[in-house]
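Structural characterization, general
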Amino acid sequence: MKRIGVNIDHIATLRNARGEHHPDPFFAAKFVKKLGADSITIHLREDRRHINDSDAKKICSIKNLLVNLEISIKDEIVENALKINPNFICIVPENRKEVTTEGGLNLKKNKNKIKSIINLFKKKRIRTSLFINPNLNDILISKDLGADCIEIHTGRLANLVKSKKNIYKELLRIKKSSKLAEQLGMEVHAGHGLDYRSTKLLSKINEIKEFNIGHFIIGESVFYGLQKVIKEFRKIVK
Ligand code: PXP
């Protein structure tokens with residue numbers, strides 16, 4: 001069974017645009033679960049541009065809700081994440097000026113730091129995932145670092161699909177990476193830039209067990225409503 005994780009950061013973006021309390025990410029987290037999301041994802045960014053510490057704490061206190069918290073490797077964020085105590089952690093790269101997460105982690109450069117962060121979360125029995133580009137070397141390093149899961153950055157594939165360009169090579173990279181990760185005993189997730197078409201393509205890769213999708217779900221829901229959009233994604237991946 002493949003799972004759908006809904007990223008609700010953009011609900012917080014909308015709330016923050018007004019500086020008030022609506023729409024409330026806490027309510028959104030409970031609501032998307034009711035609509036069939038298997039988990040929710042929130043990214044506690046260093047600049048707190050959408051989800052903040054208080055949102056994250058409240059959302060992680062919701063009973064029977066699986067929360068995947070995305071974090072960078074910055075000490076302050078890691079310390080807060082340990083206090084927030086989510087079900088899952090996904091370590092992602094973060095650059096100050098980026099609009100969204102632009103690529104996978106630089107595992108070679110940050111090897112020791114990432115290894116020690118994974119160990120911290122493992123001690124708390126928190127499932128830990130690394131957001132990486134689809135290449136075999138990064139899969140091997142992820143295994144070496146002790147990651148439970150890898151999340152493949154699908155942004156490149158998603159852009160090729162959107163611009164109707166040739167997807168063959170990128171899809172092959174994702175397939176090979178997924179296979180190797182599973183062979184090494186890591187669960188495979190996919191996320192970034194996904195819409196109905198790219199998710200449909202990737203859902204044919206058996207090794208991918210979880211999709212984490214945000215921007216398209218929230219954007220499309222403006223027109224069709226969260227219920228219909230989540231239902232459609234569930235249909236595509238199941
Ligand atoms: N997975 C990870 C690790 C991400 O960083 C993001 C973007 O925050 C997503 C999934 C969701 O990407 P999108 O909003 O483009 O669907």
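Described in the following lines is the structure provided in the data block. Throughout, a residue's number is its position along its own chain's written sequence, starting from 1. Predicted model: local features are reported for residues with pLDDT of at least 70 only, side-chain atom pairs are reported and counted for 80 or more only, and whole-chain, interface and lining totals are derived from all residues. As a rule here, side-chain values cover all heavy atoms of the structure and leave hydrogens and water aside.

**Overview of the site of the ligand**
Near the ligand, the surroundings consist of 13 residues, among which E70, E151, G193, G214 and H215 are the closest. Polar contacts, as counted here, are pairs of nitrogen or oxygen atoms within 3.5 Å of one another; within protein the pair requires one atom able to donate a hydrogen and one able to accept it, and residues that are adjacent in sequence qualify only if both atoms are side-chain atoms. G214 is positioned such that a nitrogen or oxygen atom in its backbone is 2.8 Å from an oxygen atom of the ligand. Between the ligand and the protein, one listed contact pairs an oxygen atom with a backbone N or O atom of H215 at 2.8 Å. Here the ligand, which alone exposes 400 Å², has 94% of that area covered by the protein. Basically, the charged four are Asp, Glu, Lys and Arg, the nonpolar ten are Ala, Val, Leu, Ile, Met, Phe, Trp, Tyr, Cys and Pro, and anything else, Gly included, counts as polar. Residue composition of the shell around the ligand, by class: three nonpolar, eight polar and two charged. Here, proximity means that at least one heavy atom of the residue falls within 4 Å of the molecule or strand. The Shrake-Rupley method, run with a 1.4 Å probe, gives the accessible areas here. Residue values count only the displayed protein chains as cover.

**As for the sheet that holds strand β6 (residues 149-153)**
A strand pair is defined by DSSP finding two or more bridges across the two strands. Only DSSP runs of H or I reaching four residues or more are called helices, and only runs of E reaching two or more are called strands; each is numbered from the N terminus. Reading around the barrel, the eight strands line up as β1-β2-β3-β4-β5-β6-β7-β8 and close back on themselves, with parallel pairing between neighbours. Neighbour-to-neighbour, the strand axes of the sheet open up by a mean angle of 25 degrees, direction not taken into account. The pairing of strand β5 (residues 127-132) with β6 spans four bridges and is parallel. Residue pairing in the sheet places L130 in a bridge with I150 of β6. Running at roughly 175 degrees to β6, helix α8 (residues 168-183) makes contact with β6, β7 (187-191) and β8 (208-213) of the sheet. Each axis is a line fitted through C-alpha atoms, taken for helices only over the stretch in contact, and angles between the N-to-C directions span 0 to 180 degrees. Here a residue-residue contact requires only that any non-hydrogen atoms of the pair lie within 4.5 Å.

**Some words on the nonpolar core**
Judged by nonpolar contacts, the single largest core of 70 residues is most densely connected at I8, I91 and L130. The residues touching I8, leaving out its near neighbours within four places in the chain, are P25, A28, A29, V32, I40, T41, I42 and I59. For the purposes of this section, nonpolar cores are sets of buried Ala, Val, Leu, Ile, Met, Phe, Trp, Tyr and Cys residues that join through side-chain atoms within 4.5 Å. Each residue gets one of three labels from its accessible area relative to the maximum for its type: buried under 20%, exposed over 50%, partly exposed in between, using a 1.4 Å probe on protein chains only.

**Here's the deal with the pattern of salt bridges**
A pairing counts as a salt bridge when a side-chain nitrogen of Lys or Arg comes within 4 Å of a carboxyl oxygen of Asp or Glu. All chains considered together, the criterion is met by 17 salt bridges. As a salt-bridge pair, E187 and R127 come within 3.7 Å of each other at their nearest N and O atoms. Of the two residues, E187 sits in strand β7 while R127 sits in strand β5, which places them 60 residues apart along the sequence. Judged by its relative accessible area of 25%, E187 is partly exposed. One continuous salt-bridge network, built from bridges that share partners, spans R3, R127, E187 and E210.

**Details of helix α4 (residues 75-84)**
Among the residues of α4, I77, V78, N80, A81, L82 and I84 are the ones counted as buried. Elements that come into contact with the buried residues of α4 comprise α3 (53-60), β3 (67-71), β4 (88-91) and α5 (111-123). Backbone geometry just after α4 places N85 at a positive phi near 55 degrees.

Take it as geometry only, folks, not as evidence of what the structure does.
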